[in-house]
Amino acid sequence: MFAGLLDAARNSPFRTPFTRVQCDDGSASTEKAVVPGRSVQAAASREVEFGSNEFFGLCAVGGILSCGITHTAVVPLDLVKCRLQVDQAKYKNLFHGFKVTIAEEGARGLAKGWAPTFFGYSAQGAFKFGLYEVFKIQYAGMIGEENAYLYRTWVYLGASASAEFFADIALAPLEAAKVKIQTMPGFANTLRQAMPKMMKDEGVMAFYKGLVPLWCRQIPYTMMKFACFEKTVELLYKHVVPKPRDQCSKGEQLVVTFAAGYIAGVFCAVVSHPADVVVSKLNQAKGSSAIDVAKQLGFMGMWNGLTPRIIMIGTLTALQWFIYDGVKVALSIPRP
């Protein structure tokens, strides 16, 4: 399987904007046959081979940094957002939620759930970004170079959905612990307290009962995150940035990355919000199913906390792409 992935990587249309041309002496050349309308800006150094194990490993490291750092940085906002979703009568709105939380628990209370957030989203980031690159190369190789370029948005969608499926399996146990710490007063204050308690009360299923709604939240979110980002970058360079990407400095390219990431993040938040509310409520409600929670909330109830989530996800997505692209620049990883 992995040999097939590496072969597909070496022959992927995402490796280079040039098609192979057979020379008279039988060797392969890629100098002149550019696919029409296509350009790729890679890091100046080719020290990291595209599609190699090192390439995938470094992409996973970029994912760990981009997701682990950013999600941990917005834990206070995430905590208030989760509490709004499960008890809007008490917390009312974003600013009132901060006020009530600080009044009851002090400023330190805003950091509740930082440990499961950091470890859970670091693991998720490794799978999300690392496997996205794997599946993107694999799917592109399956349909051929021309089709991969013509239908590249579908390649982005399929690769991101496949990667997120596995990423959520890694995230689910820690996400369940995080929600219980943040939304159930007196249950636990730390990850070390929460995990044994969850195992004792509900067994292994306590960690995975939110997996299906997590898939419902994260897979559409990630599909939008990658496909919308990739398309927005194309459009920004085509209609907004006054010069081609290969003529922009690394700093200018990262500014475009941040802007495209924020735009993608807004759409991500809206698409995935109802499932996010169900996940928050489900991990609070012992013995309930996702369908039970959805019926209890009703259609309007599944949009509780949308404003803080748009702020949080927009910022998160922009910073994640900025960090991930920055890691690629710093480590000379090819950037198709």
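Everything discussed here concerns the structure shown above.
Since this is a predicted model, take the numbers as computed values, not measurements. (Residues numbered from 1 in each chain as written. Predicted model: local features only at pLDDT ≥ 70, side-chain atom pairs only at ≥ 80, totals over all residues. Heavy atoms only, no water.)

## Comments concerning the overall build of the protein chain
Then comes step 1: A tally of regular secondary structure across the protein chain gives 14 helices and two strands.
Then comes step 2: Out of the 336 residues belonging to the protein chain, those deemed buried represent 52%.
Then comes step 3: A separation of at least 24 residues holds for 75% of the contacts in the protein chain among residues at least 6 apart in sequence. (Helix = DSSP H or I, 4+ residues; strand = E, 2+ residues; numbered from the N terminus. Buried < 20%, exposed > 50% of the residue type's maximum accessible area, 1.4 Å probe, protein only. Contact = heavy atoms within 4.5 Å.)

## Quick notes on the environment of Pro213
Then comes step 1: Position of Pro213 relative to the elements: it lies in helix H11 (residues 211–240).
Then comes step 2: With 62 residues separating them in the primary sequence, Pro213 and Ala275 have C-alpha atoms 5.9 Å apart.
Then comes step 3: Leave out the neighbours within four places in its chain, and Pro213 touches Ala275, Val278, Val279, Leu282 and Ala290.

## Regarding helix H9 (residues 191–202)
Then comes step 1: The terminal C-alpha atoms of H9 lie 16 Å apart, and with 12 residues this matches the ideal 16 Å at 1.5 Å per residue to within 8%.
Then comes step 2: For H9, the set of buried residues is Leu191, Ala194 and Met198. Buried residues in H9, looked at end-on, bunch into an arc of 60°, giving them a common side. Residues of H9 that are exposed and point more than 90 degrees away from the buried face comprise Arg192 and Lys200.
Then comes step 3: Looking at the packing, one finds that the buried side of H9 touches helix H6 (114–143), helix H8 (152–183) and helix H10 (205–208).
Then comes step 4: Phi turns positive one or two residues past the end of H9, at Gly203, with a value near 75°. (Expected span 1.5 Å × (residues − 1). Arc of directions from axis to C-beta.)

## Points about helix H2 (residues 53–73)
Given 3.6 residues per helical turn, the α-helix brings residues three or four places apart onto the same face.
Then comes step 1: The end-to-end C-alpha distance of H2, which contains 21 residues, comes to 30 Å, matching closely the 30 Å that a straight helix rising 1.5 Å per residue would cover.
Then comes step 2: Residues of H2 that are buried: Phe55, Phe56, Leu58, Cys59, Ala60, Gly62, Gly63, Ser66, Cys67, Gly68, Thr70 and His71.

## Let's talk about the pattern of salt bridges
Then comes step 1: For the coordinates displayed, the defined rule picks out 19 salt bridges.
Then comes step 2: Ionic pairing is found between Lys112 and Glu105, a salt bridge with its closest N-O pair at 3.3 Å.
Then comes step 3: Counted as one network, the salt bridges with shared partners bring together Asp78, Lys81, Glu175, Lys178, Arg217, Asp276 and Arg309. (Salt bridge = Lys/Arg side-chain N within 4 Å of Asp/Glu carboxyl O.)

## Quick word on a nonpolar patch on the surface
Then comes step 1: Among the surface-exposed residues, Phe127, Phe165, Phe166, Ile169, Met199, Val204, Met205 and Tyr208 lie close enough to one another that they form a single nonpolar patch of about 700 Å² accessible area.
Then comes step 2: If you list the elements that add at least two residues to the nonpolar patch, you get H8 and H10.
Then comes step 3: No other element matches the three residues that H8 contributes to the nonpolar patch.
Then comes step 4: Looking at the secondary structure, you find Met199 in helix H9.
Then comes step 5: Overall, the relative accessible area of 40% leaves Met199 in the partly exposed class. (Patch = residues over 30% accessible without salt bridge, like charges linked within 9 Å, V, L, I, M, F, W, Y side chains within 5 Å. Areas by Shrake-Rupley, 256 points an atom, 1.4 Å probe, with all protein chains shown as cover.)

## What about the nonpolar core?
Most often, soluble globular proteins have nonpolar side chains that are buried together.
Then comes step 1: Within the largest apolar cluster, 31 residues are counted, with the highest numbers of intra-cluster contacts made by Phe55, Phe129, Tyr132, Phe229, Tyr237 and Trp321.
Then comes step 2: For this core, the secondary structure elements donating two or more residues are H2, H6, H8, H11, helix H12 (250–284) and helix H14 (306–330).
Then comes step 3: The element contributing the most residues to this core is H11, with seven residues.
Then comes step 4: Once residues within four sequence positions are removed from consideration, Tyr132 is found in contact with Phe127, Tyr156, Ala159, Ser160, Ala163, Phe226 and Glu230. (Core = buried A, V, L, I, M, F, W, Y, C linked by side-chain atoms within 4.5 Å.)

## A word on the packing of aromatic side chains
Then comes step 1: Scanning all chains against the criterion turns up 17 aromatic pairs.
Then comes step 2: An angle of 35° between the planes, with centres 4.3 Å apart, marks the rings of Phe129 and Tyr324 as tilted. One end of the pair, Phe129, is in helix H6; the other, Tyr324, is in helix H14, and 195 residues separate them in sequence. Exposure class is identical for Phe129 and Tyr324. Each is buried.
Then comes step 3: Centroid distance Phe299 to Trp303: 6.2 Å. Interplanar angle 65°. Geometry classified as edge-to-face.
Then comes step 4: Under the relative-accessibility criterion, Phe299 is labelled exposed at 59%.
Then comes step 5: With relative accessibility at 26%, the residue Trp303 sits in the partly exposed group.
Then comes step 6: Each member of the aromatic cluster is reached from another via a ring pair, and the members are Phe129, Tyr132, Phe226, Phe229, Trp321 and Tyr324.
Then comes step 7: In this structure, Arg152 is placed above the aromatic ring of Tyr149, and the distance from its NZ or CZ to the ring centre is 4.5 Å.
Then comes step 8: The ring of Phe187 carries Lys197 above its face, with NZ or CZ at 5.3 Å from the centroid. (Phe/Tyr/Trp six-rings, centres within 6.5 Å; stacked < 30°, edge-to-face > 60°. Lys NZ or Arg CZ within 6 Å of the ring centre and 35° of its normal.)

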